[in-house]
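Residue-level structure breakdown
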Amino acid sequence: MEWQIPLANIDFDSREETAVLEVLKSRWLTMGGVTQAFEEEFASYVGAPHAIAVANGTAALHLACLGVGLVPGDEVIVPSLTFVATANAVRYCGATPIFADIESEHDLDISLTSIEKKLTERTRAIMVMHYGGYACDMPGIMNLAKVHGLKVIEDAAHAVGSDIDGRKLGIWGDIGCFSFFSNKNMTTGEGGMIVTNDEDTANKMRLLRSHGMTTMSWDRHRGHAWSYDVVELGYNYRIDEIRAAIGRVQLSKLDLNNERRRNLSLLYREQLEELVPSIVLPFNTSRGTSAAHLMPILLPVGFDRIGFMEHMKSNGIQTSIHYPPIHKFQTYIKDGAAHFDLPVTDSVTGREVTIPLYSGLTDEDVANVVHSVQEAIYTVDN
Ligand SMILES: Cc1ncc(COP(=O)(O)O)c(C=O)c1O
């Protein structure tokens, strides 16, 4: 389907093309010097001493779970209102995701009070997800984690460039994970990054990224090593030089693009204001500066969501749902998730629709989307 206004779009130009071409001409495609430069630039951007580039955000989350030492029997408190990869990563380690509720219909991030209620003697970690790029209550969550001796992993897939008081999201917790999937604020097609302050954890995750091998092809190519040992059961979670090259260019554009996203979100909020409180615009206030990854709206209670999305579609406007809650997925129900009582998550997830947001969206596009939302709210049968 050719959308007139897609949900997300990519900001690529001749700079990405040139960067890719340079890698192709170099004839070294697997992880090497370009990836190292990407890691260094990303580390410096977020203000972390260690950044590890990986194949995708899911691999980042899996390595983070291994990095904090999760083992079967451990419990990790996670939101249900997130992409399934957040909780899957916990299960890859044989640990159990324990779902916590979100704050409210105005703040779709994990609730500190709910986290506190889910703590048991088995809780090893808290995994937060900064919904739409809007920061969770990191000062409160870090404080709680400290009191109970818990690790904190940030799923910052939506939040590249977000901060609280100038401190970037991803470096508040023990480990931060980013995704560069093609709908994200910066993209490499598939790709991800892990950041941490802790050198031992960084070394462990680096080792696990590449089969647990002590040296890599790149070291041997440069004549720095002849052989290797395998000291852990690792994976192939490497990124490649083509993606890393795209990532470097995308990172250089990130701040400007995020600023445009924030301005567009404000424009949406101003123009949709007349429909409030019929509809809810979550995150009208936020903690710190958001990367404005998503523009979620909540339809009136009981409103026909599919009818709404069909109406938007009839105007060539793509919409989406973020997210069907994880505790309602079959594989999670089979795993015992049905008993989780998450009233706020349940009340919000049937009403949420995400409208288009990307840096290339024009003010006119926003006006067209808003017009279509108004039409839908006034005309869709309920
Ligand atoms: C919140 C969240 N977590 C994790 C992921 C997984 O990232 P990836 O698709 O790069 O594996 C995504 C994105 O797709 C995401 O949105």
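See the structure shown above.
Residues numbered from 1 in each chain as written. Predicted model: local features only at pLDDT ≥ 70, side-chain atom pairs only at ≥ 80, totals over all residues. Heavy atoms only, no water.

A short note on the overall build of the chain
Tallying secondary structure elements over the chain gives 13 helices and eleven strands in all. A compact globule built from 382 residues would reach a C-alpha radius of gyration of about 21 Å, and the chain, at 21 Å, matches this within 12%. Expressed along its principal axes, the backbone C-alpha trace of the chain runs to roughly 70 × 55 × 40 Å. Residues counted as buried form 57% of the 382 residues belonging to the chain. Within the chain, contacts between residues at least 6 apart in sequence are counted, and of these 73% link residues at least 24 apart. Only carbon and sulfur atoms are counted for the fraction: they give 50% of the accessible area of the chain, which is about 16200 Å². (Helix = DSSP H or I, 4+ residues; strand = E, 2+ residues; numbered from the N terminus. Rg over C-alpha atoms; globule rule 2.2 N^0.38 Å. Buried < 20%, exposed > 50% of the residue type's maximum accessible area, 1.4 Å probe, protein only. Contact = heavy atoms within 4.5 Å. Areas by Shrake-Rupley, 256 points an atom, 1.4 Å probe, with all protein chains shown as cover.)

Observations concerning the pairing of strand β4 (residues 123-129)
Judged by how many residues are buried, β4 sits mostly within the fold: six of seven residues are covered. One ladder, built from five bridges, connects β4 with strand β5 (residues 151-155); its direction is parallel. Residue pairing in the sheet places I126 in a bridge with V152 of β5. The handedness of the β4 to β5 crossover, carried by helix α6 (residues 138-148), is right-handed. (Pairing = 2+ DSSP bridges. Right-handed = clockwise from strand over helix to strand, strands pointing away.)

A closer look at the packing of aromatic side chains
Across all of its chains, the model carries eleven aromatic pairs by this definition. For the ring pair F99 and Y332, a centre distance of 5.8 Å and an interplane angle of 70° mean the geometry is edge-to-face. Of this pair, F99 sits in strand β3 (residues 96-100) while Y332 sits in helix α11 (residues 330-334), and the two are 233 residues apart along the sequence. Y332 matches F99 in its accessibility class, with the two residues each being buried. Members of the aromatic cluster, connected to one another through ring pairs, are F38, F42, F178 and F180. (Phe/Tyr/Trp six-rings, centres within 6.5 Å; stacked < 30°, edge-to-face > 60°.)

Looking at the environment of F12
Secondary-structure assignment places F12 in the segment before α1 (14-26). Look at F12 and you get partly exposed, because its relative accessible area is 41%. Separated by 172 residues in the primary sequence, F12 and K184 place their C-alpha atoms 13 Å from one another. In this structure, F12 is in contact with T187, I246, Q250 and K253, ignoring residues within four places of it in sequence.

Re the site of the ligand
G57, T58, D155, S179 and K184 are the nearest of the 17 residues found near the ligand. Measuring from an oxygen atom of the ligand, one finds a side-chain N or O atom of Y323 at 3.2 Å. The protein chains hide 93% of the 380 Å² of surface that the ligand would expose on its own. Only α3 (57-67) and α4 (84-92) provide two or more residues apiece to the shell around the ligand. Top contributing element to the shell around the ligand by residue count: α3, with three residues. (Near = heavy atom within 4 Å. Polar contact = N/O pair within 3.5 Å; in protein donor to acceptor, adjacent residues only side chain to side chain.)

Observations concerning helix α7 (residues 199-209)
Listed in full, the buried residues belonging to α7 are T201, A202, M205, L208 and R209. For α7, the angular spread of the buried residues around the axis is 130°, confining them to a single face. Summarising the contacts, the buried residues of α7 are in contact with α2 (33-46), β1 (50-54), α3, β8 (175-179) and β9 (192-196). One or two residues past the end of α7 sits H211, with phi positive at roughly 65°. (Arc of directions from axis to C-beta.)

Regarding the packing of α3 against α4
Interhelical geometry of α3 versus α4 gives an angle of 40° and a closest axis separation of 8 Å. Considering the angle they form, α3 stands oblique to α4. When the axes of α3 and α4 are compared, the crossing they make is right-handed. Every residue of α4 that contacts α3 at T58, L61, H62 and C65 is listed here: A85, T86, A89, V90 and Y92. Its residues assigned to classes, the contact of α3 with α4 shows six nonpolar, three polar and no charged. (Axes fitted to C-alpha atoms, helices over the stretch in contact; angles between N-to-C directions. Parallel < 35°, antiparallel > 145°, perpendicular 65-115°, else oblique. Left-handed = near helix turned anticlockwise from the far one by under 90°. Nonpolar A, V, L, I, M, F, W, Y, C, P; charged D, E, K, R; others polar.)

A closer look at the sheet that holds β4
Overall, mixed pairing links the seven strands, which are arranged β1-β9-β8-β5-β4-β2-β3 in an open sheet. Looking along the sheet, the strands with just one partner apiece sit at the ends: β1 and β3. Strand-to-strand twist across the sheet, computed as the mean angle between neighbouring axes with direction ignored, equals 20°.

Focus on the pattern of salt bridges
Applying the stated criterion across every chain, the model contains 15 salt bridges. Here E16 makes a salt bridge to K253, at a shortest N to O gap of 2.8 Å. Taken together, the positions of E16 in helix α1 and K253 in helix α9 (residues 241-272) put the pair 237 residues apart, joining distant regions of the chain. Here E16 and K253 have matching classes, each one buried. One salt bridge in this structure joins R243 and D240, with 2.7 Å as the shortest N-O distance. A relative accessible area of 28% places R243 in the partly exposed class. Shared partners join several salt bridges into a network, and the residues in it are D11, D13, R15, E16 and K253. (Salt bridge = Lys/Arg side-chain N within 4 Å of Asp/Glu carboxyl O.)

Considerations on a nonpolar patch on the surface
A contiguous nonpolar surface patch, about 250 Å² in accessible area, is contributed by L21, L24 and L29. In this structure, L24 sits in helix α1. (Patch = residues over 30% accessible without salt bridge, like charges linked within 9 Å, V, L, I, M, F, W, Y side chains within 5 Å.)

Describing the packing of α3 against α7
Two elements in contact, α3 and α7, have axes separated by 9 Å at closest approach and are oriented at 130°. Here α3 lies oblique to α7, going by the angle between them. Taken as a pair, α3 and α7 cross one another with a handedness that is right-handed. Seen from α3, the contacting residues are L63, A64, L66 and G67; seen from α7, they are T201, K204, M205, L208 and R209. Across the contact of α3 with α7, the residue classes break down as five nonpolar, two polar and two charged.

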